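# Coordinate inspection notes
Here's the letter readout for the chains.
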Amino acid sequence: MKKKLLATCLLLFAVLSINAQQEKKWYDNIKFSGYGMLQYQYQDPYKAVTDEAGNVKEEKNESNTFKLRLMRMILDGKIGDFDWRAQIQGTNAKGPAEPTVQLVDLYTEWVKYPEFKVRVGQFKRAFTFENPTHPITQGWRGYADVINNLSGFGDRVGEKSSGGRDIGVQVSGDVLPNSNGRKLLHYQVGVYNGEGVNTTDKDNRKDIIGGIWVMPIKGVRIGAFGWTGSHGNMVTAHGNSESVPLNRYCLSAEYDKDELTVRAEYLHSQGWGSGKTGSNVINYALGDKADGWYLFGIVPVIKSKLHAKARYQTYRVRKDWDTAKTSIEAGLNYFFTKKLQLNFEYARVNDKTIPLADKHSYNLVDVELDFRF
């Protein structure tokens, strides 16, 4: 009897040990991480004010404020040949139909073959080099204005801020290895709803976005992207609700190696939009074409400790110089550790959309404390 009881206990212990090992292995395949971005910003643009007599006067529109720029919590995992990610975002930017806390990423990707991967869910659109760049790694007070307006952040079409994401399916891969095994060509093509994050398709028409780039030298990427689709339920001048065609392209070049990053991109867009986040009423005064570009460099002054940076950028609301917003920026990024950094930036901004004859330019100072966990 004692032998049977002992054997039963040993068997039960063995089963529990196996289960515990399996459970531990399951948890080993999940990683929790995240980051926060704390911001202080000062700027001193002018604005036009109309008094009781109908006279237009110039008035400083100065602002000086602390901000909670961004917070994200991320779960990454692996199930067999599939990777998956779930990411939640919290931000102080809140607008129409835009919650303060929202799900930004939720996808799974079949990664068995590096030459042909399949991703399904909500994730970054396959458009531009800058769009998928981590906001801390990107190194600036924000993505370039042209990226924000033409890559699905606070897009000119009026969709809510989506961080350049959409819901859909994407295939991608790296091919053509050289003699050292380094792949020389990358491709990615996605089919999306075309409405941004957490939003179903409004017109049952899908957006198709693709990109391809060559990597002739380690650290170098030269690529091009195309985007064709539509934005649904846009209100026209006649009060009708229609789908508005959307066509875009981007030309890109980058060098990124040994903490030195130089990147330039040009984006062009054709298609009407509201120009206001959360609005679906077409603003014809904005025109149906827009474009913009940026060029920046981030160089190590003290490796892994201090970086200097400079950026030039222009975004043209109607693809003309009367609606151009141009910034010349410079600053420093200081790394306390790999996961904690302090960023400083000064920008001189010239915004022709400010309706004042000689008050288009203003100063902007940005300081950020960014951390990862």
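Below: a short report on this structure. Treat the numbers as computed from the prediction; the structure is a model and nothing was measured.

### Overview of the overall build of the protein
The helix and strand tally for the protein stands at two helices and 18 strands. With respect to the three principal axes, the spread of C-alpha positions in the protein is 105 × 55 × 50 Å. Put simply, the protein has 373 residues, and 42% of those count as buried. A sequence separation of at least 24 residues applies to 57% of the contacts in the protein between residues at least 6 apart. Accessible surface for the protein amounts to roughly 19,300 Å². Of this, 61% is attributable to carbon and sulfur atoms. Put simply, the protein has 50 plus and 42 minus side-chain charges, and the middle of one group is 8 Å from the middle of the other.

### Focus: the packing of aromatic side chains
One pass over the structure, following the stated rule, counts 19 aromatic pairs. With 5.9 Å between their ring centres and 70° between their planes, W293 and W321 make a pair best called edge-to-face. Placement of the pair is W293 in strand β14 (residues 289–302) and W321 in the loop between β15 (306–316) and β16 (324–337), with a sequence separation of 28 residues. Taken together, the ring pairs in this structure connect F127, F129, W213, F225 and W227 into an aromatic cluster. Stacked on the ring of Y107, the Lys or Arg R119 has its end atom at 4.2 Å from the ring centre.

### Things to note about the pattern of salt bridges
Summed over the entire model, instances satisfying the criterion amount to 23 salt bridges. Of the charged contacts, one joins D155 and R248 as a salt bridge, the two residues approaching to 2.7 Å between their closest N and O atoms. Of this pair, D155 sits in the loop between α2 (145–150) and β8 (165–177) while R248 sits in strand β12 (residues 241–257); the two residues are 93 residues apart in sequence, bridging distant segments of the chain. The exposure classification of D155 matches that of R248, with both residues buried. One salt bridge in this structure joins K309 and E345, with 3.9 Å as the shortest N-O distance. With K309 in strand β15 and E345 in strand β17 (residues 340–351), this residue pair connects regions lying 36 residues apart in the sequence. Given a relative accessible area of 6%, K309 falls into the buried group. Each of R141, K309, R311, E329 and E345 takes part in one network of salt bridges that share partners.

### Let's talk about the side chain of R316
By secondary structure assignment, the location of R316 is in strand β15. Leave out the neighbours within four places in its chain, and R316 touches A290, D291, W293, W321, T323 and A324.

### Quick look at the nonpolar core
Formed by 29 residues in total, the largest nonpolar core has its most connected members in F127, V146, I147 and L267. Of all elements in the fold, only α2, β10 (207–214), β11 (220–235), β12 and β14 reach the threshold of two or more residues within this core. Examining the composition of this core, we find that four residues originate from one element, β14, more than from any other. In contact with V146, not counting residues within four places along its chain, are S151, L267, D291, G292, W293, Y294, T314 and Y315. Of all hydrophobic cores here, the second largest spans six residues; its members include A347, V349, Y362 and L364.

### Notes on unusual backbone geometry
The bulk of non-glycine residues show a negative phi, and the bulk of peptide bonds are trans. Despite not being glycine, L176 shows a phi value in the positive range, around 60°. For L176, the location among the structural elements is in strand β8.

### Points about empty space enclosed by the protein
The rolling of a water-molecule-sized probe over the atoms marks out the regions of remaining empty space. Applying the stated criterion across every chain yields a total of one cavity of 30 Å³ or more. Reported here for the largest cavity is a volume of approximately 30 Å³. Elements with a contribution of two residues or more to the lining of the largest cavity: β11 and β12. Looking at the lining of the largest cavity residue by residue, the class counts come to three nonpolar, two polar and five charged.

### Section: the layout of surface pockets
In this structure, the second largest pocket encloses a volume near 490 Å³. Lining of the second largest pocket is provided by 23 residues; of these, T137, E259, H307, F335 and R372 occupy positions nearest its centre. Listing elements by their share of the lining of the second largest pocket, those giving two or more residues are β12, β13 (260–270), β14 and β16. Its residues assigned to classes, the lining of the second largest pocket shows five nonpolar, ten polar and eight charged.

### Section: a nonpolar patch on the surface
Where nonpolar side chains cluster on the molecular surface, the patch consists of F32, L38, L68, M71, M73, L75, Y334, F336, L342, L369, F371 and F373 and spans about 1,000 Å² of accessible area. When residues of the nonpolar patch are traced back to their parent elements, those giving at least two are β1 (30–43), β4 (63–79), β16 and β18 (361–372). Tallying contributions element by element places β4 first for the nonpolar patch, with four residues. For F336, the position within the fold is in strand β16.

### Comments concerning the side chain of T199
With respect to the secondary-structure elements, T199 resides in the loop between β9 (183–192) and β10. A distance of 2.8 Å separates a polar side-chain atom of T199 from the backbone oxygen of V197. Once residues within four sequence positions are removed from consideration, T199 is found in contact with K160, I167 and N193.

### A word on the environment of Y255
You can see Y255 is positioned in strand β12. Residue Y255 is classed as partly exposed on the basis of its relative accessible area, which comes to 30%. When the C-alpha atoms of Y255 and G297 are compared, they prove to be 9.4 Å apart, with 42 residues separating the residues in sequence. In contact with Y255, other than residues within four places in its own chain, are K218, G219, V220, L260, T261 and V262.

The rules behind each value
- Residues numbered from 1 in each chain as written.
- Predicted model: local features only at pLDDT ≥ 70, side-chain atom pairs only at ≥ 80, totals over all residues.
- Heavy atoms only, no water.
- Helix = DSSP H or I, 4+ residues; strand = E, 2+ residues; numbered from the N terminus.
- Buried < 20%, exposed > 50% of the residue type's maximum accessible area, 1.4 Å probe, protein only.
- Contact = heavy atoms within 4.5 Å.
- Areas by Shrake-Rupley, 256 points an atom, 1.4 Å probe, with all protein chains shown as cover.
- Lys, Arg positive; Asp, Glu negative; His and termini not counted.
- Charge placed at Lys NZ, Arg CZ, Asp CG, Glu CD.
- Phe/Tyr/Trp six-rings, centres within 6.5 Å; stacked < 30°, edge-to-face > 60°.
- Lys NZ or Arg CZ within 6 Å of the ring centre and 35° of its normal.
- Salt bridge = Lys/Arg side-chain N within 4 Å of Asp/Glu carboxyl O.
- Core = buried A, V, L, I, M, F, W, Y, C linked by side-chain atoms within 4.5 Å.
- 1 Å grid on protein atoms, 1.4 Å probe; cavity = no way out; pocket = protein on both sides within 12 Å on 5 of 7 lines; lining within 4 Å.
- Points joined across faces, edges and corners; volume = space filled by probe spheres on them.
- Nonpolar A, V, L, I, M, F, W, Y, C, P; charged D, E, K, R; others polar.
- Patch = residues over 30% accessible without salt bridge, like charges linked within 9 Å, V, L, I, M, F, W, Y side chains within 5 Å.
- Polar contact = N/O pair within 3.5 Å; in protein donor to acceptor, adjacent residues only side chain to side chain.

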